[in-house]
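Breakdown of the fold
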Amino acid sequence: PGGLGGLLRLADHREGAFETGRDEIVLVVVVMIEGALRHVQPGRDRQRVRLGRLIKDAPGNRLHIAAHVSDTSAARVIDNIRRMASVGADSVVIAPPFVVGDFCTRDFLRRYFLEPLQHSEVPVGIYIRRPPPGMELDLPLWSEIVLHPRVRFVKDSSAWPEYLARFVEIKQQKTRLKLLT
């Protein structure tokens, strides 16, 4: 009672499916875990791992599981990637942190995305959304992030035509990159 259901929220995003090259379509399921609870609920990481195992095992290992691993720092994102990879996540998704925009300088954001990309054992997806005021996250920085070799898919929710045009250009260079819109 309570426990998992009370602390965690699971969002099953069926927005994007992509081909794997094996004549099959893989559904991307993103595990959303409430980031705000990290520092107020003891044992939350154990529950994140338990939830990851349940989701991976429930459909008989037939779905591509992309676990949402965003957090408040690059170090926390790296920890989350390791946890989700340990329970069988096929890939992970990193979105910008939900913190005050003024705190997210260009250097912070570069480290926030690129350090986890260097350490990830699984393919990475990037979730792009419009940044809050003050967050130094622009198209040149997004381009640098998306060009990283470990980035395999991009979900663009910016609704800015110039962003989509740039990601299409990048896809022409990185043929294995999947664009989810």
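All residue numbers here refer to positions counted from 1 along the written sequence of the relevant chain. Local features are withheld for residues below a pLDDT of 70 in this predicted model, meaning they are given only at 70 or higher, and side-chain atom pairs are given and counted only at 80 or more; totals for whole chains, interfaces and linings count all residues. Remark: hydrogens and water are excluded; side-chain values derive from all non-hydrogen atoms of the structure.

**Digging into the nonpolar core**
Note the threshold: Nonpolar core, defined: a set of buried Ala, Val, Leu, Ile, Met, Phe, Trp, Tyr and Cys residues in which side-chain atoms within 4.5 Å join the residues together. Any residue under 20% of the maximum accessible area for its type is buried, any over 50% is exposed, and the rest in between are partly exposed; the area is computed with a 1.4 Å probe on protein chains only. Every helix listed is a DSSP run of H or I at least four residues long, and every strand listed is a run of E at least two residues long, numbered separately from the N terminus. Contacts are assigned to residue pairs with any non-hydrogen atoms lying within 4.5 Å of each other.
Residues Ile94, Ile126, Ile128, Trp142, Ile145 and Phe167 are the most contacted members of the largest nonpolar core, which totals 34 residues. Residue assignment for this core shows that the elements contributing at least two residues are helix H3 (74–86), strand E4 (91–94), helix H4 (106–119), strand E5 (124–128), helix H5 (139–146), strand E6 (151–156) and helix H6 (161–173). Considering each element in turn, this core owes the most residues, six residues, to H4. Discounting residues that sit within four places of it in the chain, Ile145 has contacts with Phe113, Leu114, Leu117, Ile126 and Val151.

**Observations concerning the side chain of His68**
Heads up, the condition is: N or O atoms closer than or at 3.5 Å make up a polar contact, with two conditions inside protein: a donor-capable atom paired with an acceptor-capable one, and, for residues adjacent in sequence, both atoms drawn from side chains.
Relative to the helices and strands, His68 resides in strand E3 (residues 64–68). At 3.4 Å, the side chain of His68 and the side chain of Ser70 are in polar contact.

**Describing the confidence of the model for the chain**
Caution applies to low-pLDDT parts of the model: their predicted coordinates are not meant to be read in detail. Going by this rule: As a per-residue measure, pLDDT tells how confident the predictor is, with possible values from 0 to 100.
Mean pLDDT for the chain: 76, with 67% of residues reaching 70 or above. Counted against residues more than four places away or in other chains, residues 1–42, with its pLDDT under 50, gives 79 contacts.

**Some points on the pattern of salt bridges**
Heads up, the condition is: Here, a salt bridge means any Lys or Arg side-chain nitrogen found within 4 Å of an Asp or Glu carboxyl oxygen.
In the structure shown here, the tally under the stated rule is six salt bridges. As a salt-bridge pair, Asp138 and Arg106 come within 3.1 Å of each other at their nearest N and O atoms. Of this pair, Asp138 sits in the loop between E5 and H5 while Arg106 sits in helix H4; the two residues are 32 residues apart in sequence, bridging distant segments of the chain. The exposure class of Asp138 is partly exposed, given its relative accessible area of 29%. For Glu169, the salt bridge identified is with Arg166, shortest N-O distance 3.0 Å. Taken as a pair, Glu169 and Arg166 lie in helix H6 at a separation of three residues, close to a single helical turn. Look at Glu169 and you get partly exposed, because its relative accessible area is 42%.

**Comments concerning the pairing of E5**
Successive side chains on a regular strand alternate, one facing one side of the sheet and the next facing the other. We count it as follows: Any two strands between which DSSP finds at least two bridges are classified as paired. Handedness is read with the strands pointing away from the viewer; a crossover is right-handed when the path from the first strand over the helix to the second is clockwise.
Of all the five residues making up E5, four are buried; the element is thus mostly covered by neighbouring parts of the structure. Of the pairings in the sheet, the one linking E4 to E5 comprises three bridges and is parallel in character. Across the sheet, the residue bridging to Ile94 is Ile126, located in E5. Bridge count between E5 and E6: five bridges; the pairing is parallel. Counterpart to Tyr127 in the pairing with E6 is Lys155. Taken together, E5, H5 and E6 form a β-α-β motif whose crossover is right-handed.

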